[in-house]
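Geometric and topological summary
Next come the chains, spelled out residue by residue.
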Amino acid sequence: MHRRSFLGNAAVAAAGAFCLNGQVVWAETFLTVEQAQKVLWGSANTFTPSHIQLTKDEMKAIAKASKVRVRRSRLQVWRTAEKGWFIVDQVIGKHENIDLAVAIDVNGKVKGLEVLTYRETYGHEIRNDQWRAQFHGKGTEADLRLNKEIRNISGATLSCRHVTDGVNRLLHTWHHVLRHL
Amino acid sequence: MKTLSRCKPALGTYVKLHLAQETDDDSLLQLSEAVFAEIERIEAIMSFHRSESELSRVNRDAFRQPVVLSSEMNELLSFCAELYDRSGGTFDVTVGGDMVKRGALPGQNGFAEPRGRWDAVRLEAGRIFFGQPVLLDLGGVAKGYAVDKAMAVLPPDCQAVLNAGGDLKMRPWRHRTVGVREPSGGALHHLDMQAAALATSSAEFHEQGHPVTNPKSGRPLEDARVISVFASSCMVADALTKCAFLQEDTHHLTMMYDAECVCLGSP
């Protein structure tokens, strides 16, 4: 029973490509929010959702301290039984746009990170029609078999610097806002 | 068959892991934890960016006194020494000093001004000593090594793909394909896997110039190609992409390591 609840729906990766302004966006999903909560904080924990709206002053203070732009005033956070935090946030880089889950403990230290959705943009359309054809009609429920449906891409190494910046911003958000709650 | 896909920032890039095995969700999750833990362990040894890493200790101390190496560092540096010889000096991990000078790697306090090349490095019986101050950077090979080590923690019946920002390894690998980004523009080129591992290098995404430094000039390359290498070891594939940029003819190297090299675009 415990096991069932741990990763309720078998973790299947869903992948898809769509066009936006003449560019191809390649998106992959990894763990769900519930799965990431359990991976980062343990299956026994409880998560209380909390809606936090940053004030303009708070946004300014966080941006100044972290040297990272604060794009959104609304935070998607959960509080754990041990007064830790689980935050789902978006990191927007030059080439990538990702949904990130971050666990911050009661002392304001990063306990873990997990990428939930990864999107990468290509300069122009993917030429191989066969490659694109695989995405038509693929739902998240489809039993995606390893590498049969999941394409692997090898190319120049993309730096994860934007994640580092995003985590830094969230640590300052903890310092300025979350720890006082 | 249960499957699990995770992606975590590590090794300075995004590391994606796909697993499939006849097992339960908990076990698969534990396997993925073991893979990421091994990556973190190797990164903690090999990172240039961490002042407490073994690599930083070697860079700091090996000019003053011989430094005893961990088995992992000894294994990786022994391969670097072998490839230096076999490539006629084109594969040289002492380019760290050049990369610090141009700001591609962080400078560190308390380091002697780097002067030497790999010929100043003495590697013997698990110890390293520098005849002249040098700065080793394993950026061209350690990511592949980490992928090899992390794949090795998985049981044989577990299917897996581990992709550390383009340095990838999979099993099984036969009859599988992989997308490689074409130069400037990023359309995907379809390649059939030729071996268990594939590594790709190019200047795309790099804001501080080409990731490959020419050890003869100390300067980054200006080369628009995308170079991919297939090999049974991801460490070998990773390192040979650098040789392929620096050497016109890599035939003897790819023969020696039973590797396959694919170039997209022109220099």
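This structure is a prediction, so every number in the text was calculated from the model and none was measured.

Let's talk about the sheet that holds strand S3 (residues 67-68) of chain B
To summarise the sheet geometry, strands pair through backbone hydrogen bonds and adopt either a parallel or an antiparallel arrangement. Residue and element names in this part refer to chain B. Taken in spatial order, the three strands line up as S3-S5-S4 in an open sheet, and their pairing is antiparallel. Each end of this open sheet is capped by a strand with a single partner; those strands are S3 and strand S4 (121-124). As defined by bridge partners, S3 adjoins strand S5 (residues 127-130) across two bridges and the pair is classed as antiparallel. Following the sheet pairing, Val68 is matched in S5 by Arg127.

Details of the sheet that holds strand S8 (residues 177-181) of chain B
Pairing within the open sheet is mixed, and its three strands lie in the order S8(A)-S8(B)-S9(B). Only two strands of the sheet have a single neighbouring strand rather than two, namely strand S8 (153-154) of chain A together with strand S9 (188-192) of chain B. Strand direction decides the pairing type here: S8 of chain A and S8 of chain B, joined by two bridges, are parallel. Paired with Ile153 of chain A across the two strands is Gly179 of chain B, which belongs to S8 of chain B.

Some points on the pattern of salt bridges
For the coordinates displayed, the defined rule picks out 19 salt bridges over all chains. Between Arg64 of chain B and Asp61 of chain B there is a salt bridge, with its nearest N and O atoms 3.6 Å apart. When the shortest N-O distance is used, the salt bridge between Asp148 of chain B and Lys169 of chain B registers 2.7 Å. Of this pair, Asp148 of chain B sits in helix H5 (residues 142-151) while Lys169 of chain B is found in strand S7 (residues 167-171), placing the two residues 21 residues apart along the sequence. We classify Lys169 of chain B as buried; its relative accessible area is 15%. A single salt-bridge network, built from bridges that share partners, covers Glu114 of chain A together with Arg6, Lys8 and Glu33 of chain B.

Remarks on the nonpolar core
Counting residues in hydrophobic clusters, the biggest one holds 87 residues, and the most contacted among them are Ile128, Leu136 and Leu138 of chain B. If we ignore the near neighbours within four places in the chain, the residues touching Leu138 of chain B are Met46, Leu55, Met73, Leu76, Leu77, Cys80 and Val93 of chain B. Membership of the second largest hydrophobic core comes to 28 residues, among which are Ile87, Val102, Leu113 and Trp174 of chain A.

Quick word on the environment of Glu82 of chain B
Residues and elements named next belong to chain B. Mapped onto the elements of the fold, Glu82 is located in helix H3 (residues 71-86). Judged by relative accessible area, which is 32%, Glu82 ranks as partly exposed. Of the polar contacts made by the side chain of Glu82, one reaches the side chain of Tyr257; its length is 2.5 Å.

Reading the values: the criteria
Residues numbered from 1 in each chain as written. Chains lettered and ligands numbered in written order. Predicted model: local features only at pLDDT ≥ 70, side-chain atom pairs only at ≥ 80, totals over all residues. Heavy atoms only, no water. Pairing = 2+ DSSP bridges. Helix = DSSP H or I, 4+ residues; strand = E, 2+ residues; numbered from the N terminus. Salt bridge = Lys/Arg side-chain N within 4 Å of Asp/Glu carboxyl O. Buried < 20%, exposed > 50% of the residue type's maximum accessible area, 1.4 Å probe, protein only. Core = buried A, V, L, I, M, F, W, Y, C linked by side-chain atoms within 4.5 Å. Contact = heavy atoms within 4.5 Å. Polar contact = N/O pair within 3.5 Å; in protein donor to acceptor, adjacent residues only side chain to side chain.

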